[in-house]
Amino acid sequence: MSKKLTISNFKDLQVNFAGELFYDNSAEHQAQKLIYSTDASVYQEKPIAVAVPKTSTDIQALIQLANEYQVTLIPRSAGTSLAGQVVGKGIIVDISKYFNQILEVNPEERWVRVQPGVIRDDLNAFLKPYGLLFGPETSTSSRAMIGGMIGNNSCGLHSIVWGDTRTHLLEAKVLLSDGSETEFKALDKKSFYEKARLSTLEGHIYREVHRALNNPLIQESIENAFPNKNLTRRNTGYALDMLSDNEIFQPASHLSFNFCKLLAGSEGTLAFVTEAKLKLLPLPPTETALVCIHCNSIGESLHANLIALKHHPMASELVDKYILDFTKGHHEYHKNRFFIEGDPQAILMVEFMADTQEQLTQMCNAMIQDLKEAHLGYAYPIIRGADTKPAWDVRKAGLGLIRNLPGDTQPVNLIEDCAVAPEHLPAYIDELGLLLEKHGLNASYYAHAGAGELHVEPMINLKTEEGKQLFRTVLAETAALVKKYDGSLSGEHGDGRLRGEFIPFMMGKEVYDLFREIKNIFDRKKVFNANKIVDTPPMNEFLRYEAGKVPNKVETIFDFSKQESILRLAEKCSGSGDCRKTEVTGGTMCPSYMATRQEKDTTRARANILRQFLTNSTQNNPFNHPEIKEVMDLCLSCKGCKAECPSQVDIAKMKAEFLQHFYDENGIPLRTKMIGNFTKSQALGMNFPKIYNFFAQNTFTSRLIKKTLGFAQERSLPTLGDITLREWQLKRLKTQAKRQKNSIKPLNFKASKIRKQGKVYLFCDEFTNYNDVELGKTTIKLLTALGYEVHIPEHIESGRTYLSKGMVKEAQKIAIQNVKLLAKALEDQSPIIGIEPSAILTLRDEYLDLVPPEYRAEAELVADNTYLIDEFLAQEIDKKRISSDWFTKEKRLIKLHGHCHQKALSSMIPTKKLLSLPKNFEVQLIPSGCCGMAGSFGYEEEHYETSMKIGELVLFPTVRQQPQDVLIAAPGTSCRHQIKDGTGRIALHPIEILWNALNES
Ligand SMILES: Cc1cc2nc3c(=O)[nH]c(=O)nc-3n(C[C@H](O)[C@H](O)[C@H](O)COP(=O)(O)OP(=O)(O)OC[C@H]3O[C@@H](n4cnc5c(N)ncnc54)[C@H](O)[C@@H]3O)c2cc1C
Ligand code: SF4
Ligand code: SF4
């Protein structure tokens, strides 16, 4: 009888545990358990606990606990497994936060030693200066970690040349199921038998594995059971074929024995990896070209693939029409469609690399010639160099993109990983198509054609009992088909709990029993990742969705009808983990994760927690759960996910909605009210700005204010201008009118030289009106000098402060009022332009979903005519209405940091264009994500540290490196404040830079 594991056992464990443990019933611990109950698969099971170990001793303590109480430990790195490998009722052991060091690199011998939490792309960024790379490349390479790649024996895009992880795993330091530490590495015969004589668990493993495999009949069974030798993608079961291929078991072989062959692909079921020594490859040739073979059918593209392979490409990958169609209108991917001609059913992307462009051209042309002769393909655009990246990004985002399908019938990972020898692919896919058709199923086909593995994703409704049954039937029938073609049920994604059930069918009982024996030899008590690969539960149990469950309808303030409902938007998260990118890989999503490296602070965690409560809550108000608040806490509402998540999971919108419902039940905290009502407080302060500023700046009083409100002492409070921008503009217009009446020269000499350009409405947002008044004045002066007639229309604040704090009802009132006021002004069709991205873009984004249907048309009119000032002026430059001749000819380097909302809803291209207008200005974009301030977030005492950490990722170090004569530009008011607090440098709004450039001319 096993002993029962209780909370007090975890408390005892915690005493000497250096990392973090989550096990009790508090909101924080429950939230952690919920977010770790899924990965990128369709499975969901709440773990007993979550552990984030810091040291190997921590893992050993967990192993001891697991042995004593017969629970299983589930090793986990990025959690992007597609077959439920890291889902289960055990203790999740997440090594991604602390085991992320690159320990040693040996360029001469071409190897690197790393901890298992090192991210594949980060490793390659580190290796680049050495001229080396770690070859295996999953589509998830921006977040997948070495531990997980070993666990799943991952490969990917360039696998036909660079192979899989197993081939590159030289040595591994592991903890065995009794907690003892050992190293797996190549052993000659003598060393092997020495190991087998040890009286430890390690000795037992060597002896018993030898006993189990050292039999010619068993070797023959293994040979017969495993797939066609031409098939390099073979990830079903334990790799006994690879483990047997050495001098110990094959007398004719000259290869050494190495347990790493078995460890790779063992899905954390045999040993816990704490270090890995990896083989490296020299960097490939620098010149790259991608031939995008446009085909009229999938079948045609697979025949084209066979011709392509004869030309020895680096990769041959397929994207079908399903995926291509989802890039249409997608914020991030629409621009990547530049290479598509017509309406292809499939595009085969064939990559070549060479030392010179001439060689490349020859290679591409030779293949195209052969394709034309075989009448395969109708267009063959060649993409070169850096342009190949956006095209590859479309291919890599395939899985996420097809998640944008509306409705409950969704693409499922089920038969996506079956592989056959490439020459069998056309026939296999033909038959598979018929099989799916028989069940009335549509499917998307994409990925690794060159390696004989297409990710085929049938669309199934797993929310119904029939769908659940179909889920199993399709895998069972496909398994038979794969077996017919001597293929592998899993090529790279592994078995997990999805395909495990069919391993006996694929491999035969004898070899399956051998797999069970191997598991038993290594881990008799099932300490490591029980019920994966062997003894898995039925594959259609523990699914994310309970068949037939109808969640309560949720009334929302925002309109979620475009995404069907708030729940459906949360459900869109496929778990792909794109939101676990780091600052090394770049992008904005997700700044909180980048700073903390905790799963809890990812977009995925936020979508998961919302999905689970909106589905299962028994409360009238399903948002009223502190666990959701816990996970939302570090979301900066930066909107990075709205643009960068392939499934467009817009957490900023869902977070605001959640907070409003949470406040409805629990009241609005004082600080939240103060921040939401920021504009009102500033308006009040304008009655006595000098006194207000004194209190804000005086050391004693500002300390007191910050302490009372819960703001970080390190921050400076915003101060007021001595006049509001509106008042200044009014006065200015009056003076101008008087001057005109008296025929006095205009206020700005430029205005007299430049022709009249027309009227613009300047949206006088609350930050510019009260705080950045000087910037507002500069904007008006610049526009006037450029010939524009500037009007500030009647409107009220933007509502941004309410939105960022989740006071959505207040924001809604503002949206309605502004839409009515601005739509009226727009009768003359002049554009509305704004200086502060977070405020002006609210008119284009949130307002559309906030106003009730009766104001919808007006909201759309306003949105359609609203521009960032950068966008407006860039358009005017394009129309040649603004000339570079009017500006200085001085040389200047400008480093530009983009505002998150601008990056998500617009782009930085207009700002770059604007700042590049003066002839000798050079603009370089800082590859920063979010600055970390995000409105009030960086002010808040408990968020200050995270805010500064985010700034330190890329922005602060880049700014600090710049000589004083380099200008720092940042369109966002929060960003400028953050740059000042983090680096002491003053960043300018692009408009200020342009104004100075005009005056210097
Ligand atoms: C959109 C998408 C695209 C994908 N494309 C590819 C692709 O092109 N090629 C490919 O091969 N895969 C692909 N995958 C699958 C997945 O991304 C890879 O298998 C990836 O390598 C897993 O890495 P991870 O860090 O997320 O591992 P996890 O999912 O965290 O873990 C994977 C396995 O490794 C085990 N493990 C983790 N750490 C350890 C450790 N320290 N010791 C022992 N065991 C450990 C786990 O228990 C688990 O069984 C894709 C997945 C998605 C969602
Ligand atoms: S939130 Fe988006 S990026 Fe993150 S895991 Fe989900 S689908 Fe992927
Ligand atoms: S809004 Fe920003 S911080 Fe929040 S989940 Fe999305 S990317 Fe992360």
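Structure first, text after, so check above.
Criteria and thresholds
- Residues numbered from 1 in each chain as written.
- Chains lettered and ligands numbered in written order.
- Predicted model: local features only at pLDDT ≥ 70, side-chain atom pairs only at ≥ 80, totals over all residues.
- Heavy atoms only, no water.
- Buried < 20%, exposed > 50% of the residue type's maximum accessible area, 1.4 Å probe, protein only.
- Helix = DSSP H or I, 4+ residues; strand = E, 2+ residues; numbered from the N terminus.
- Arc of directions from axis to C-beta.
- Contact = heavy atoms within 4.5 Å.
- Axes fitted to C-alpha atoms, helices over the stretch in contact; angles between N-to-C directions.
- Parallel < 35°, antiparallel > 145°, perpendicular 65-115°, else oblique.
- Left-handed = near helix turned anticlockwise from the far one by under 90°.
- Nonpolar A, V, L, I, M, F, W, Y, C, P; charged D, E, K, R; others polar.
- Near = heavy atom within 4 Å.
- Polar contact = N/O pair within 3.5 Å; in protein donor to acceptor, adjacent residues only side chain to side chain.
- Pairing = 2+ DSSP bridges.

Visitor: Any chance you could explain helix α29 (residues 678-685) here in plain terms?
Guide: Structural remark: α-helix, 3.6 residues per turn; residues separated by three or four positions point the same way. By the burial criterion, the buried members of α29 are Phe678, Thr679, Gln682 and Gly685. The buried residues of α29 occupy one face: seen down the axis, they fall within an arc of 120 degrees. Residues of α29 that are exposed and angled more than 90 degrees away from the buried face: Lys680 and Leu684. In this fold, the buried residues of α29 make contact with α28 (670-676), α30 (689-697), α34 (766-770) and α36 (800-804).

Visitor: What is the right way to read the environment of Leu786 from this model?
Guide: Positionally, Leu786 belongs in the loop between α35 (773-785) and β20 (788-791). Along the backbone, Leu786 and Lys756 are 30 residues apart, and their C-alpha atoms lie at a distance of 8.2 Å.

Visitor: What am I meant to see in the packing of α35 against helix α47 (residues 990-999) here?
Guide: The geometry of a pair of packed helices is captured by two quantities: the angle between their axes and the separation between those axes. Remark: α35 packs on α47, axes separated minimally by 9 Å, with the N-to-C direction vectors making an angle of 50 degrees. Considered as vectors, α35 and α47 are oriented oblique to each other. Seen from above, α35 lies across α47 with left-handed handedness. Seen from α35, the contacting residues are Leu775, Thr778, Thr779, Lys781, Leu782 and Ala785; seen from α47, they are Ile991, Glu992, Leu994, Trp995 and Leu998. Taken together, the residues that form the contact of α35 with α47 break down as seven nonpolar, two polar and two charged.

Visitor: Explanation requested: the site of ligand 3 in the structure shown.
Guide: Residues in close proximity to ligand 3 total 13 residues, the closest being Cys590, Arg606, Cys635, Cys638 and Cys641. Elements with a contribution of two residues or more to the shell around ligand 3: α24 (603-616) and α26 (640-644). The residue makeup of the shell around ligand 3, split by class, is eight nonpolar, three polar and two charged.

Visitor: What is the right way to look at the site of ligand 2 in this model?
Guide: Not every one of the 13 residues close to ligand 2 is listed here, only the nearest: Cys573, Ser576, Gly577, Cys579 and Cys645. When grouped by side-chain class, the residues that make up the shell around ligand 2 number five nonpolar, six polar and two charged.

Visitor: It is not clear to me how the side chain of Ser37 should be interpreted in this structure. Could you clarify?
Guide: Looking at the secondary structure, you find Ser37 in the loop between α2 (27-35) and β2 (49-52). Within polar-contact distance, the side chain of Ser37 engages the side chain of Gln612 at 3.4 Å. Sequence-distant contacts of Ser37, that is, excluding residues within four places in its chain, are made with Tyr43, Gln44, Glu45, Lys46, Pro47, Val87 and Gln612.

Visitor: When you look at the sheet that holds strand β6 (residues 111-114) in this model, what are you seeing that I'm missing?
Guide: To summarise the sheet geometry, strands pair through backbone hydrogen bonds and adopt either a parallel or an antiparallel arrangement. Judged by pairing direction, the sheet is antiparallel, and its five strands sit side by side in the order β5-β6-β10-β8-β9 without closing on themselves. Looking at which strands have only one partner, the edges of the open sheet turn out to be β5 (102-106) and β9 (181-184). The average angle at which neighbouring strand axes cross in this sheet is 15 degrees, direction not considered. In this structure, strand β8 (residues 169-175) lies alongside β9, joined through four bridges in antiparallel fashion. Bridging from a neighbouring strand, Ala172 pairs with Phe184 of β9. Helix α3 (residues 56-69) rests against β8, β9 and β10 (272-279) of the sheet, and its axis sits at about 60 degrees to β8.

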